[in-house]
Amino acid sequence: EAAVTQSPRNKVAVTGGKVTLSCNQTNNHNNMYWYRQDTGHGLRLIHYSYGAGSTEKGDIPDGYKASRPSQENFSLILELATPSQTSVYFCASGDLNWGGPSAETLYFGSGTRLTVL
Amino acid sequence: QQQVRQSPQSLTVWEGGTTVLTCSYEDSTFNYFPWYQQFPGEGPALLISILSVSDKKEDGRFTTFFNKREKKLSLHIIDSQPGDSATYFCAASPGNTGKLIFGLGTTLQVQP
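This write-up is about the structure you can find in this document. Everything numeric here is computed off the predicted structure, so don't read it as measured data.

A few words on the overall build of chain B. Looking only at helices and strands, chain B has 0 helices and 11 strands in total. Moving toward the C terminus, one meets the helices and strands of chain B in the order β-β-β-β-β-β-β-β-β-β-β. Its C-alpha atoms give chain B a radius of gyration of 13 Å, near enough to 13 Å, the size a compact globule of 112 residues would have. Its C-alpha atoms give chain B principal-axis dimensions of about 40 × 25 × 20 Å. Within chain B, the fraction of its 112 residues that count as buried is 47%. Long-range pairs, those at least 24 residues apart, make up 53% of the contacts in chain B between residues at least 6 apart in sequence. Here chain B has roughly 5400 Å² of accessible surface; of this, 48% comes from carbon and sulfur atoms.

Here is the structure:
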């Protein structure tokens, strides 16, 4: 069973503080993703990674950094948190199913609800 | 600019009825179209998907249709059940990349 675990489940941070969201996958997938989900915006890609040591910018990377120290772990870092970063964050790992590189199944974690005061 | 447009935003159907969700897109390089289902408090999970070389994919009560000429896709749920109440996202992937672009989602409620 594919497993993606996020921590913490809930987080309250202060404006200007540093926040680290963690994600661990036991699927041995090369690709990992960070999305945020907001009402009216759906799921938007922040950063992604093709493997240990790699990070790439997604569609909304400003204000976020990512780190992929190993195959299993992918972190999202907010160096200076702002109230606009209040959201639900989802991590996902990706497995190529069929049809080539574009046919990837994402396995999502249960999310981290972040509130920045 | 929303690259994948989804409608309706919300929908209520009676148990046993047929649910139809639709999506449209503009980018002709999109060639993979999954539908994800999300229950409250959980992450999205793949429900069904289709490649642009096909026009229909069926999995039990769920069928997705793809119209390449019109750049539209739909999800049909027959015999809808209260357990199907969830938010449904369509998504699209550009060629040669696994990055998915999601629609805004449709919240479905199935009334007993």
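Turning our eyes to something else, we now look at the interface of chain B and chain A. Taken together, the contacts link 24 residues of chain B with 25 residues of chain A. The interface formed by chain B and chain A includes 0 salt bridges. Between the two partners, chain B and chain A, sit 4 residue pairs in polar contact (both at pLDDT 80 or more). Of all the elements in the fold, those that place two or more residues in the side of chain B that touches chain A are β4 (30–38), β5 (45–51) and β9 (86–94) of chain B.

Our next topic: the environment of Asp59(A). Residue position: Asp59(A) is located in the loop between β6 (56–57) and β7 (65–67). Given the relative accessible area of 52%, Asp59(A) is considered exposed. With 24 residues separating them in the primary sequence, Asp59(A) and Tyr35(A) have C-alpha atoms 9.6 Å apart. Discounting residues that sit within four places of it in the chain, Asp59(A) has contacts with Leu45(A), Ile46(A) and Lys99(B).

Criteria and thresholds
- The numbering scheme is per chain: residues are counted from 1 as the chain's sequence reads.
- To label them, take the chains in the order written and letter them from A, then take the ligands in the order written and number them from 1.
- Since the coordinates come from a predicted model, pLDDT governs what is reported: local features require at least 70, and pairs of side-chain atoms require 80 or more to be given and counted, while whole-chain, interface and lining totals use all residues.
- In computing side-chain values, all of the structure's heavy atoms are included and hydrogens and water are not.
- Only runs of H or I of at least four residues qualify as helices and only runs of E of at least two qualify as strands under DSSP, and these elements are numbered from the N terminus.
- The globule rule is 2.2 Å times the number of residues to the power 0.38, and the radius of gyration it is compared with is taken over C-alpha atoms.
- Working definition: with a 1.4 Å probe on protein chains only, accessible area under 20% of the residue-type maximum means buried, over 50% means exposed, and in between means partly exposed.
- The contact criterion used is simple: two residues touch if any of their non-hydrogen atoms lie within 4.5 Å.
- Residue exposure ignores everything except the shown protein chains as possible cover, and the areas themselves are Shrake-Rupley values with a 1.4 Å probe.
- For this document, the term salt bridge refers to a Lys or Arg side-chain nitrogen within 4 Å of an Asp or Glu carboxyl oxygen.
- Residues adjacent in sequence count toward polar contacts only when both atoms are side-chain atoms; beyond that, a polar contact is any pair of N or O atoms within 3.5 Å, and within protein one must be able to donate a hydrogen and the other to accept it.

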